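Here's the letter readout for the chains.
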Amino acid sequence: MTFLNLTDLDFSDFNYSYDENSTFDFDLSSSPCSQSFFALNGAILVSIYTFVFLLSLLGNILVIYVICCMEKQKSSTEIYLLNLAISDLFFALTLPFWAVYVYSEWIFGDFMCKLVSVMQEANFYSGILLLACISIDRYLVIVRATQAFTKKRLLVRTLCIGVWLMAALLSVPFLIYRQAFYSMSYNRTVCYEYSSAEELYKWKVVIRFLRHTVGFFIPLVIMVFCYGFTMKTLFQTRSGQKHRVMRVIFAVVLAFVICSLPYNVTLFVDTLMRGKVITETCSLQNQIDVTIQVTQILAFMHCCINPILYAFIGQKFRNSFFTALFRHGFISKKILSTYRRDSSHYSTSGNTSTTL
């Protein structure tokens, strides 16, 4: 998943004019005002990137390990969550590159500029699309009671492959336009789009439109619809097990909304301003620039939140984790038995739950 927009440095980050024989610059806003918030907060951003990278790396590797070690056949939800953890892990692997970029400049060359940018964008789309798939899956199981449909592992895996292919397709423009080049405005090498001003403007508009629609609002509508009816059904059943089935998944989606909604709303306002739908002023532009930076920090931290949710909410995840540790000799049978005895006080169906 993902949601960091560091490499999309905002429409007003560069004030460039194009020259085929020299370094190009472009100006997508009519306002001459700008601020170097990027440089002022470099040390803070590097610290945050490092912290999120380490936490996400540890947490998502743990999630992948636990799901892969599950003895019973994996449910459709667990397959989706496995792919979501992989998406978060891939996104986390891009953070060290951005940390170095913030601290100095882009030193990794043109190939890595394209590769890291594509990884970032692909995981942005894959994360949100997988969450939408999870919501549809739970809706079909609980509301429509279509167990036979959702238990077809081949179909679920095909959908996951489809999500990754769509995410890769949506990130192709970054492979084409993203380059490492020297910026006269910043007096340093940057990793950014390289094209004529008119072509780049059209490209930026398309990317913003896709991010607002495919990358957030459409999946959000799907999740609200599916979970709205799912929660209504659960409240009517009075089934403790069904409530446990939804606990982790609902927390995962809620965390996504809390982390991503502020950033996407701010980005949408910025798009309206750049498109002259609302009046652009230096004051408004600076406020939006600062808000984008702050909400970005909240957004990209989402990649390390899901493992925490699994550990604190998912009874089956904890059971599978301790079982895997025992099978690989990391803990004794006595410790495993003590944990199971203690956990049985809170849940009697941890190993049969259809979710983490």
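Residues numbered from 1 in each chain as written. Predicted model: local features only at pLDDT ≥ 70, side-chain atom pairs only at ≥ 80, totals over all residues. Heavy atoms only, no water.

**Details of the side chain of Thr-233**
Rule in force here: Secondary structure elements are taken from DSSP: a helix is a run of H or I of four residues or more, a strand is a run of E of two residues or more, and numbering for both begins at the N terminus. Burial classes: relative accessible area under 20% of the type maximum marks a residue as buried, over 50% as exposed, and values in between as partly exposed (1.4 Å probe, protein chains only). Only heavy atoms enter the contact rule, under which two residues are in contact if any of them lie within 4.5 Å.
By the secondary structure assignment, Thr-233 is in helix α8 (residues 197-237). Overall, the relative accessible area of 18% leaves Thr-233 in the buried class. If we ignore the near neighbours within four places in the chain, the residues touching Thr-233 are Ile-142 and Val-143.

**A word on the UniProt feature "transmembrane region" (unreviewed entry) in the protein chain**
To keep it simple, the criterion reads: UniProt positions are given in the numbering used here, feature names are shortened, and annotations may be inferred rather than shown by experiment.
Listed under "transmembrane region" (unreviewed entry) in the UniProt record, and renumbered for this structure, are residues 44-68, 80-104, 124-142, 154-177, 209-227, 248-269 and 294-313. Strand forms 0% of residues 124-142 and helix 100%; the C-alpha atoms that close the span are 28 Å apart. Each end of residues 209-227 is marked by a C-alpha atom, and these two atoms are 25 Å apart; helix forms 100% of the span and strand 0%.

**Let's talk about the nonpolar core**
Our working rule: Working definition of a nonpolar core: buried Ala, Val, Leu, Ile, Met, Phe, Trp, Tyr and Cys residues. They are joined through side-chain atoms within 4.5 Å.
Leu-131 and Tyr-310 are the most contacted members of the largest nonpolar core, which totals 35 residues. Taken together, the elements giving at least two residues each to this core come down to α2 (42-68), α3 (76-103), α4 (109-143), α6 (153-170), α8, α9 (240-274) and α11 (306-313). Leave out the neighbours within four places in its chain, and Leu-131 touches Leu-84, Met-223, Val-252, Val-253 and Phe-256. Grouped together as the second largest cluster of nonpolar side chains are 24 residues, Ile-48, Val-52, Trp-106 and Val-116 included.

**Let's talk about the state of the cysteines**
Quick reminder of the rule: Cysteine sulfur atoms are paired as a disulfide whenever they fall within 2.5 Å.
In the structure shown here, the tally under the stated rule is 1 disulfide. Shown here is the disulfide that connects Cys-113 with Cys-191, its sulfur atoms set 2.0 Å apart. On the S-S bond that ties Cys-113 to Cys-191, the torsion sits near 90°, and the link is right-handed. In this pair, Cys-113 is assigned in helix α4 and Cys-191 in strand β2 (residues 188-193), connecting sequence segments 78 residues apart. The class of Cys-113 is buried, set by a relative accessible area of 0%. No disulfide involves Cys-68; its sulfur sits 6.9 Å from that of Cys-69, the nearest cysteine. Judged by relative accessible area, which is 47%, Cys-68 ranks as partly exposed. Free of any disulfide, Cys-303 has its nearest cysteine sulfur in Cys-304, 5.2 Å distant.

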